[in-house]
Amino acid sequence: MNYDNYVPKESRKEVSQERIRFLKLLSKVAVVFCCLMYISYIPQITANLSGNPVSVLQPLCATVNATLWVTYGWLKTYKDWPVILANIPGVIFGVVTVVTVYVY
């Protein structure tokens, strides 16, 4: 059973240029919104540093989730850059949020 994105030449299907353009645009929009979702941790980080710590559960789960997706995108035969780039901010901001919960 194959779980990677490799398709043998004899099984490949022709894809229209319109579909390719749409998927490229969709991946760019998804990357932007995923990054914005993780950047929204900044208010939680600020609250943590102000002495009003937030719950650690949600940012910890988001960090693990983002790390898994980055790893998945990286380990594929052909790196899945939209998945990787969209989730790197989740790893960074999630770790910072979790750490700042315990700093103050």
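In the nomenclature of an unreviewed UniProt entry, the chain corresponds to Small conserved membrane protein from the organism Leuconostoc mesenteroides subsp. mesenteroides.

Chemist: Sorry if this is basic, but what is going on with the overall build of the chain here?
Modeler: Across its full length, the chain holds 4 helices and 0 strands. The C-alpha radius of gyration computed for the chain amounts to 18 Å, which surpasses the reference 13 Å derived for 104 residues by more than 25%, pointing to a less compact arrangement than a globule. Oriented by its inertia axes, the alpha-carbon framework of the chain measures out at about 60 × 30 × 15 Å. The burial tally for the chain puts 25% of its 104 residues in the buried class.

Chemist: When you look at the side chain of Thr100 in this model, what are you seeing that I'm missing?
Modeler: Here Thr100 lies in helix α4 (residues 81–103). Thr100 sits in the buried class, given a relative accessible area of 8%. A polar atom in the side chain of Thr100 sits 2.9 Å from the side chain of Asn48.

Chemist: Would you mind showing me how to read a nonpolar patch on the surface here?
Modeler: Where nonpolar side chains cluster on the molecular surface, the patch consists of Leu25, Val29, Val32, Phe33, Leu36, Ile39 and Ile42 and spans about 630 Å² of accessible area. Of all the elements, helix α1 (residues 17–39) adds the most residues to the nonpolar patch, at 6 residues. Mapped onto the secondary structure, Leu36 falls in helix α1. Exposure remark for Leu36: the relative accessible area of 47% places this residue in the partly exposed category.

Chemist: Sorry, what's going on with the packing of helix α3 (residues 57–75) against α4 here?
Modeler: When two helices pack together, their arrangement is given by the angle between the helix axes and by the axis-to-axis distance. One can describe the packing of α3 onto α4 by two numbers: an axis separation of 7 Å at closest approach and a directional angle of 150°. On the basis of the axis angle, α3 is roughly antiparallel to α4. Crossing geometry of α3 relative to α4 is assigned as left-handed. Here Pro59, Leu60, Thr63, Ala66, Thr67, Trp69, Val70, Gly73 and Trp74 of α3 lie close against α4, whose contacting residues are Trp81, Val83, Ile84, Asn87, Ile88, Gly90, Val91, Gly94, Val95, Thr97 and Val98. Classifying every residue of the contact of α3 with α4 by side-chain character gives 13 nonpolar, 7 polar and no charged.

Chemist: Could you clarify how one ought to interpret α3 in this entry?
Modeler: Owing to its 3.6 residues per turn, the α-helix aligns residues three or four sequence positions apart on the same side. Between its terminal C-alpha atoms α3 stretches 27 Å, which fits the 27 Å expected from 19 residues at 1.5 Å a residue. Burial in α3 covers these residues: Pro59, Ala62, Thr63, Ala66, Val70 and Gly73. Buried residues in α3, looked at end-on, bunch into an arc of 105°, giving them a common side. Among the exposed residues of α3, those oriented more than 90 degrees off its buried face are Leu57, Leu68 and Leu75. Tucked inside the fold, the buried residues of α3 contact α1, α2 (42–49) and α4.

About the thresholds
- Residues numbered from 1 in each chain as written.
- Predicted model: local features only at pLDDT ≥ 70, side-chain atom pairs only at ≥ 80, totals over all residues.
- Heavy atoms only, no water.
- Helix = DSSP H or I, 4+ residues; strand = E, 2+ residues; numbered from the N terminus.
- Rg over C-alpha atoms; globule rule 2.2 N^0.38 Å.
- Buried < 20%, exposed > 50% of the residue type's maximum accessible area, 1.4 Å probe, protein only.
- Polar contact = N/O pair within 3.5 Å; in protein donor to acceptor, adjacent residues only side chain to side chain.
- Patch = residues over 30% accessible without salt bridge, like charges linked within 9 Å, V, L, I, M, F, W, Y side chains within 5 Å.
- Areas by Shrake-Rupley, 256 points an atom, 1.4 Å probe, with all protein chains shown as cover.
- Salt bridge = Lys/Arg side-chain N within 4 Å of Asp/Glu carboxyl O.
- Axes fitted to C-alpha atoms, helices over the stretch in contact; angles between N-to-C directions.
- Parallel < 35°, antiparallel > 145°, perpendicular 65-115°, else oblique.
- Left-handed = near helix turned anticlockwise from the far one by under 90°.
- Contact = heavy atoms within 4.5 Å.
- Nonpolar A, V, L, I, M, F, W, Y, C, P; charged D, E, K, R; others polar.
- Expected span 1.5 Å × (residues − 1).
- Arc of directions from axis to C-beta.

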